[in-house]
Amino acid sequence: MGHAQDTLTRRRFVQATAAGSLALAGLSRPTGAQTAKPNIVFILADDLGYADVSCYGQRDYTTPNVDRLAIEGLRFMQAYSNSANCSPTRTALITGRYQMRLEVGLEEPINASTPKSVGLPPSHPTLPSILKKAGYGTSLVGKWHLGYLPDYSPLKSGYDRFFGIFSGAADYFNHGADHARSGAEAGQLHEQEVPVERQGYMTNLLGNRAVETIEGYAKSKEPFLAPNRRRSRTALTG
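Overview of the structure. (Residues numbered from 1 in each chain as written. Predicted model: local features only at pLDDT ≥ 70, side-chain atom pairs only at ≥ 80, totals over all residues. Heavy atoms only, no water.)

## Topic: helix α5 (residues 202–220)
Then, number 1: With 19 residues, α5 extends 27 Å between its outermost C-alpha atoms, agreeing within 8% with the 27 Å of an ideal straight helix rising 1.5 Å per residue.
Then, number 2: Every buried residue belonging to α5 is among Met202, Thr203, Leu205, Leu206, Gly207, Arg209, Ala210, Thr213 and Tyr217, and all of these are buried. (Helix = DSSP H or I, 4+ residues; strand = E, 2+ residues; numbered from the N terminus. Expected span 1.5 Å × (residues − 1). Buried < 20%, exposed > 50% of the residue type's maximum accessible area, 1.4 Å probe, protein only.)

Here is the structure:
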């Protein structure tokens, strides 16, 4: 009985492995419809709970744009978060590795007391750096939170363009040159690696820039990666 069970188990394993190999073989030989490089828009919202969008049960307000993405794409009903904090989560997402393998991923999260020597090493491969080599345009709009200038920045880790904050938080209204007026953790807006003054509500500023960035890529017909990382839940409601 034991031998027969072992034989059945091995047979199922071989069948599953063969099916997986065929699937991979199919991916390695794309059809005509698959030859175009897909555009990638990745939205990361801090502090967003499982049931904070309509398609997952929220009834106090609606999130039609996110719901449309769910309807036209995939909706995952089971998932595991690698971390509950900002910097470790971003470390895992940008590198594709467990965050604890890098010093920056052990910071939970990077804050005012973190040594300035801690950040994502520019030499480490990242999703944007790999896609850039494949001919993609790469832009980050929103929050970096993986180390401070001059040693660390999105531009040093594979992004062509950046508009947002380097720190973990920002005041919704006061985000100009005098960032101290909003507290130690309030980040100043940057265009690339240059501090800038922009008037307006932070969520709107980031949302408008994200739309402009995607429209620019669409006109150029250049494949792109455009993560949009925000803290505000209101960014998901319009």
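Back to the text.
## Some points on the pattern of salt bridges
Then, number 1: A full pass over the atoms with the stated rule returns five salt bridges.
Then, number 2: For the salt bridge of Lys132 with Asp160, the shortest nitrogen-to-oxygen distance reads 3.0 Å. Note that Lys132 is positioned in helix α4 (residues 127–133) and Asp160 in the loop between β2 (137–143) and β3 (161–165), a separation of 28 residues in sequence.
Then, number 3: Among the ionic contacts, a cluster of salt bridges with common partners joins Glu191, Arg198, Arg209 and Glu212. (Salt bridge = Lys/Arg side-chain N within 4 Å of Asp/Glu carboxyl O.)

## What about unusual backbone geometry?
Then, number 1: Going from Glu108 to Pro109, the amide bond is cis rather than trans, its omega being -10 degrees.
Then, number 2: Note on placement: Pro109 falls in the loop between α3 (86–95) and α4.
Then, number 3: A cis geometry characterises the amide bond from Leu149 onward to Pro150, with omega recorded as 5 degrees.
Then, number 4: Within the secondary structure, Pro150 is located in the loop between β2 and β3.
Then, number 5: At Gln192, a residue that is not glycine, the phi angle is positive and equals roughly 60 degrees.
Then, number 6: Turning to its location among the elements, Gln192 is positioned in the loop between β4 (190–191) and β5 (194–195).
Then, number 7: Located in the positive-phi region is Lys221, a residue other than glycine, with phi close to 60 degrees.
Then, number 8: With respect to the helices and strands, Lys221 occurs in the loop between α5 and β6 (224–225).

## Looking at the packing of aromatic side chains
Then, number 1: Summed over all chains, the structure comprises five aromatic pairs.
Then, number 2: With a centroid separation of 5.2 Å and an interplanar angle of 70 degrees, the aromatic rings of Phe162 and Phe166 are classed as edge-to-face.
Then, number 3: Here Phe162 falls in the buried class, since its relative accessible area comes to 2%.
Then, number 4: Of the residues examined, Phe166 reaches a relative accessible area of 6% and is grouped as buried.
Then, number 5: Where Tyr172 meets Tyr201, the ring centres are 5.1 Å apart and the plane angle is 20 degrees; that geometry is what we call stacked. Of this pair, Tyr172 sits in the loop between β3 and β4 while Tyr201 sits in the loop between β5 and α5, and the two are 29 residues apart along the sequence.
Then, number 6: An aromatic cluster of at least three residues, connected via ring pairs, comprises Tyr172, Phe173 and Tyr201.
Then, number 7: Sitting over the face of the ring of Tyr148, Lys116 holds its NZ or CZ atom 4.4 Å from the ring centroid.
Then, number 8: The ring of Phe163 carries Arg209 above its face, with NZ or CZ at 4.1 Å from the centroid. (Phe/Tyr/Trp six-rings, centres within 6.5 Å; stacked < 30°, edge-to-face > 60°. Lys NZ or Arg CZ within 6 Å of the ring centre and 35° of its normal.)

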